[in-house]
Amino acid sequence: WEGSEGWVHQSMLAGRRTIMVIGAVHPLRSADSETAPPLAMVEPGVVGLLMSCPKDSLFCRVGIGNRVGWIKRTDFWGVHRSEFLN
């Protein structure tokens, strides 16, 4: 997440995508909108599960702890800015 590149054997990888919150404290929202109420405030360094990133959306759906919500693509590391997942 800090820009280093290297090789990892496939046996060391899990079949699920994760994210790491970067920058400042960011809201985990109840919907994919700037105006949706926050479910929690997430601190930098928190790791979560990437669930989906709809096409043409600024937000991705993630699971952090026991909460599932939406966070802006620019607020975490773990997905390319133009990538989408269903």
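Our structure is the block above this text.
This section reports on the structure supplied with the text. Here the structure is a predicted model, which is why all the values come from computation and not from measurement. (Residues numbered from 1 in each chain as written. Predicted model: local features only at pLDDT ≥ 70, side-chain atom pairs only at ≥ 80, totals over all residues. Heavy atoms only, no water.)

Scanning the protein from terminus to terminus reveals zero helices and seven strands. In the protein, the order of α-helices and β-strands from amino to carboxyl end is β-β-β-β-β-β-β. For 86 residues, the compact-globule formula gives about 12 Å, and the C-alpha radius of gyration of the protein, at 13 Å, lands near that figure. Considered along the principal axes of its C-alpha atoms, the protein spans approximately 40 × 25 × 25 Å. When each of the 86 residues of the protein is scored for burial, the buried share is 33%. For the protein, the share of sequence-separated contacts (at least 6 apart) that also reach a separation of at least 24 residues comes to 49%. Element-wise, carbon and sulfur atoms account for 54% of the exposed surface of the protein, whose accessible area totals about 6,000 Å². With 9 positive and 8 negative side-chain charges, the protein shows a separation of 6 Å between the mean positions of the two kinds. (Helix = DSSP H or I, 4+ residues; strand = E, 2+ residues; numbered from the N terminus. Rg over C-alpha atoms; globule rule 2.2 N^0.38 Å. Buried < 20%, exposed > 50% of the residue type's maximum accessible area, 1.4 Å probe, protein only. Contact = heavy atoms within 4.5 Å. Areas by Shrake-Rupley, 256 points an atom, 1.4 Å probe, with all protein chains shown as cover. Lys, Arg positive; Asp, Glu negative; His and termini not counted. Charge placed at Lys NZ, Arg CZ, Asp CG, Glu CD.)

The next subject is the state of the cysteines. One pass over the full model with this rule turns up one disulfide. For C53, the disulfide goes to C60, at an S-S distance of 2.0 Å. Across the disulfide from C53 to C60, rotation about the S-S bond amounts to roughly 115 degrees, and the bridge is consequently right-handed. (Disulfide = S-S within 2.5 Å.)

Turning our eyes to something else, we now look at the environment of G69. Among the secondary structure elements, G69 is positioned in strand β6 (residues 67-72). Taking C-alpha positions, G69 is 5.2 Å from S30, a pair spaced 39 residues apart along the chain. Among residues more than four places away in sequence, those in contact with G69 are L28, R29, L39, C60, R61 and V62.

Summed over all chains, the structure comprises two salt bridges. The partner of E83 in a salt bridge is R17, and the shortest N-O contact between them spans 3.0 Å. Of the two residues, E83 sits in the segment after β7 (76-77) while R17 sits in the segment before β1 (18-21), which places them 66 residues apart along the sequence. The exposure class assigned to R17 is partly exposed, which follows from its relative accessible area of 32%. (Salt bridge = Lys/Arg side-chain N within 4 Å of Asp/Glu carboxyl O.)

Further remarks concern the nonpolar core. Listed in full, the 12 residues of the largest apolar core are I19, V21, L28, V42, L50, C53, C60, V62, I64, I71, F76 and V79. Of all the secondary-structure elements, those providing two or more residues to this core are β1 and β5 (59-64). (Core = buried A, V, L, I, M, F, W, Y, C linked by side-chain atoms within 4.5 Å.)

Moving on: the pairing of β1. Direction of pairing for β1 relative to strand β4 (residues 47-52): antiparallel, over a ladder of three bridges. Paired with M20 across the strands is V47, a residue of β4. When β1 meets β7, the two strands line up antiparallel, connected through two bridges. Within β7, the residue paired with V21 across the bridge is F76. (Pairing = 2+ DSSP bridges.)

The quantities given are spatial measurements derived from coordinates; they are silent on function.
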